[in-house]
Amino acid sequence: MSDNLATLFSSEQLAERVTVLGAEISEAYANQKLVLVCVLKGSFVFTADLARVIDERVNLRIEFLGVQSYGEGTESTGVVQITQDLTKSIEDEHVLIVEDIVDTGLTISHLLELFKTRKPASVKVCSLLHKPARTRIDVPIDYLGFTIEDHFVVGYGLDWAQRYRNLPFIGVVDNE
Ligand code: PRP
């Protein structure tokens with residue numbers, strides 16, 4: 001059983017854009033410490049590629065945050081449960097939250113509120129994708145890969161019922 005997948009961004013297009021983001025982040029945080037926070041599960045592929053194009057001028061450490069939305073629906077409720085927390089304090093540290101997609105904005109908004117209580121030096125957001133058609137709360141995206149239409153996208157870490165995270169490209173499921 002397989003779905004029709006149309007390529008939205010090829011692996012080459014993704015690599016090109018991620019390299020540009022990495023250069024911008026390297027410039028912005030040169031000679032500083034930075035905590036890159038990979039929000040699981042969707043951003044594991046993006047984070048791995050992004051980390052490798054942030055150059056050695058940045059004193060980088062990587063943390064993983066396990067996050068699960070409450071409820072089984074496809075619509076985010078914004079009430080997120082932390083299933084795996086950071087391993088070290090972020091107090092006085094510069095933090096960059098890495099997301100695969102900002103959809104309604106509820107997840108990142110919740111995470112920004114949560115992180116603020118931990119007194120970091122700064123918190124910024126890097127998202128590969130943004131789907132403005134579904135915005136319910138405006139959130140700042142400091143580093144953005146691509147803005148997309150209201151498509152259901154999979155691949156490069158993004159899933160459909162846990163499937164397709166392994167695709168090296170971003171595809172749109174089109175079963176018409
Ligand atoms: C996705 C994505 C973001 C969130 C964005 O996670 O990784 O965390 O949804 O949606 P929002 O802007 O509407 O809140 P998902 O809940 O699919 O979990 P996953 O990363 O484990 O696939």
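Structure first, text after, so check above.
As a starting point, this report considers the structure included with it. (Residues numbered from 1 in each chain as written. Predicted model: local features only at pLDDT ≥ 70, side-chain atom pairs only at ≥ 80, totals over all residues. Heavy atoms only, no water.)

**Brief notes about the environment of His130**
Part 1 of the reasoning: Along the chain, His130 turns up in strand S6 (residues 122-130).
Part 2 of the reasoning: Taking relative accessible area as the criterion, His130 reaches 18% and is therefore assigned buried.
Part 3 of the reasoning: For His130 and Gly145, which are 15 residues apart along the polypeptide, the C-alpha to C-alpha distance reads 8.0 Å.
Part 4 of the reasoning: The contact partners of His130, leaving out residues within four places of it in the chain, are Val102, Thr135, Ile141, Leu144, Phe146, Thr147 and Ile148. (Helix = DSSP H or I, 4+ residues; strand = E, 2+ residues; numbered from the N terminus. Buried < 20%, exposed > 50% of the residue type's maximum accessible area, 1.4 Å probe, protein only. Contact = heavy atoms within 4.5 Å.)

**Describing the site of the ligand**
Part 1 of the reasoning: Contacts to the ligand come from 16 residues, most closely from Glu99, Asp100, Thr104, Gly105 and Thr107.
Part 2 of the reasoning: One of the backbone N or O atoms of Lys41 is found 3.0 Å from an oxygen atom in the ligand.
Part 3 of the reasoning: Interatomic distance of 2.8 Å between a backbone N/O atom of Gly42 and an oxygen atom of the ligand.
Part 4 of the reasoning: For the ligand, the protein covers 80% of the area, taking 500 Å² as the surface of the free molecule.
Part 5 of the reasoning: When residues of the shell around the ligand are traced back to their parent elements, those giving at least two are strand S5 (94-102) and helix H3 (106-116).
Part 6 of the reasoning: It is S5 that provides the largest number of residues to the shell around the ligand, a total of four residues.
Part 7 of the reasoning: In the shell around the ligand, the residues fall into four nonpolar, six polar and six charged. (Near = heavy atom within 4 Å. Polar contact = N/O pair within 3.5 Å; in protein donor to acceptor, adjacent residues only side chain to side chain. Areas by Shrake-Rupley, 256 points an atom, 1.4 Å probe, with all protein chains shown as cover. Nonpolar A, V, L, I, M, F, W, Y, C, P; charged D, E, K, R; others polar.)

**Some details on the pattern of salt bridges**
Part 1 of the reasoning: Taken as a whole and assessed by the stated rule, the structure comprises 10 salt bridges.
Part 2 of the reasoning: A salt bridge links Arg118 to Asp85; the shortest N-O distance between them is 2.9 Å. Pair noted here: Arg118 is in the loop between H3 and S6 and Asp85 is in the loop between strand S4 (80-84) and S5, with a separation of 33 residues, a long-range link.
Part 3 of the reasoning: A single salt-bridge network, built from bridges that share partners, covers Glu27, Asp55 and Arg57. (Salt bridge = Lys/Arg side-chain N within 4 Å of Asp/Glu carboxyl O.)

**Looking at the nonpolar core**
Soluble globular proteins tend to pack their nonpolar side chains together in the buried interior.
Part 1 of the reasoning: Ile25, Phe46, Leu50, Leu128, Leu129 and Ile170 are the most contacted members of the largest nonpolar core, which has 28 residues in total.
Part 2 of the reasoning: Mapped by element, the contributors of at least two residues to this core are helix H1 (11-28), strand S2 (33-40), helix H2 (44-51), S5, S6, strand S7 (143-147) and strand S9 (170-173).
Part 3 of the reasoning: One finds Leu65, Leu86, Ile90 and Phe115 within the second-largest nonpolar core, a separate group that totals 17 residues. (Core = buried A, V, L, I, M, F, W, Y, C linked by side-chain atoms within 4.5 Å.)

**Digging into unusual backbone geometry**
Part 1 of the reasoning: For the bond running from Leu40 to Lys41, omega is 0 degrees, close enough to zero to count as cis.
Part 2 of the reasoning: Tracing the chain through its elements places Lys41 in the loop between S2 and H2.
Part 3 of the reasoning: Located in the positive-phi region is Asn31, a residue other than glycine, with phi close to 65 degrees.
Part 4 of the reasoning: Given the relative accessible area of 68%, Asn31 is considered exposed.
Part 5 of the reasoning: Its identity is not glycine, yet Ala161 carries a phi of approximately 50 degrees, on the positive side.
Part 6 of the reasoning: Following the sequence through the fold, Ala161 ends up in the loop between strand S8 (153-154) and S9.
Part 7 of the reasoning: Ala161 sits in the exposed class, given a relative accessible area of 70%.

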